[in-house]
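Each chain, written out:
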Amino acid sequence: MTTQSGTGLVEVLIGIWEEALGMADIGMEENFFDLGGDSMAATTIATRIQRELGQEVPIRLIFNHPTVAELAAALTVEAVA
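Bear in mind the structure is a predicted one, so any value in this text is a computation, not a measurement. (Residues numbered from 1 in each chain as written. Predicted model: local features only at pLDDT ≥ 70, side-chain atom pairs only at ≥ 80, totals over all residues. Heavy atoms only, no water.)

**What about the overall build of the chain?**
Stated precisely, the cut-off is as follows: Per the convention used, a helix needs a DSSP run of H or I reaching at least four residues, while a strand needs a run of E reaching at least two, with both numbered from the N terminus. Between buried and exposed lies partly exposed: a residue is buried under 20% and exposed over 50% of the maximum accessible area for its type, with that area taken using a 1.4 Å probe on protein chains only. Pairs of residues are marked as contacts when any of their non-hydrogen atoms sit within 4.5 Å. Note on areas: Shrake-Rupley with a 1.4 Å probe; residue coverage comes only from the protein chains shown.
On a plain count of helices and strands, the chain comes out with four helices and zero strands. Put simply, the chain runs from its N terminus to its C terminus through helices and strands in the order α-α-α-α. A burial count over the chain gives 41% of its 81 residues as buried. Once local pairs closer than 6 in sequence are excluded, the contacts in the chain between residues at least 24 apart make up 53%. By element, 54% of the accessible surface of the chain is carried by carbon and sulfur atoms, the whole surface being about 4400 Å².

Structure, rendered in structure tokens:
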């Protein structure tokens, strides 16, 4: 379950996205698909979130919340639910 603060979670997610997408300096409002994200990158991101944060993430969550900011908010809501 995610216990990161909002800012800490965003920083972790940005690092995961940067590694999965092979890019640097991804902003929290940049769109996953505009950055070249696809199902393989989404699978990588979901796996890394599970490993690093202990929270299972369905790939559809990444597709439905395609920015780091949106995904962080969704993960926080799911962790509370």
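**Re the packing of aromatic side chains**
Inclusion rule: Aromatic rings from Phe, Tyr and Trp, with only the six-membered ring used for Trp, were paired whenever their centres fell within 6.5 Å, and each pair was classed as stacked if the ring planes differed by under 30 degrees, edge-to-face if by over 60, and tilted otherwise.
Applying the stated criterion across every chain yields a total of three aromatic pairs. On the numbers, 5.6 Å between centres and 70° between planes, the contact of Trp17 with Phe32 is edge-to-face. Pair noted here: Trp17 is in helix α1 (residues 6-21) and Phe32 is in the loop between α1 and α2 (39-53), with a separation of 15 residues, a long-range link. The exposure classification of Trp17 matches that of Phe32, with both residues buried. Measuring from ring centre to ring centre gives 5.6 Å for Phe33 and Phe63, while their planes differ by 35°; the resulting arrangement is tilted.

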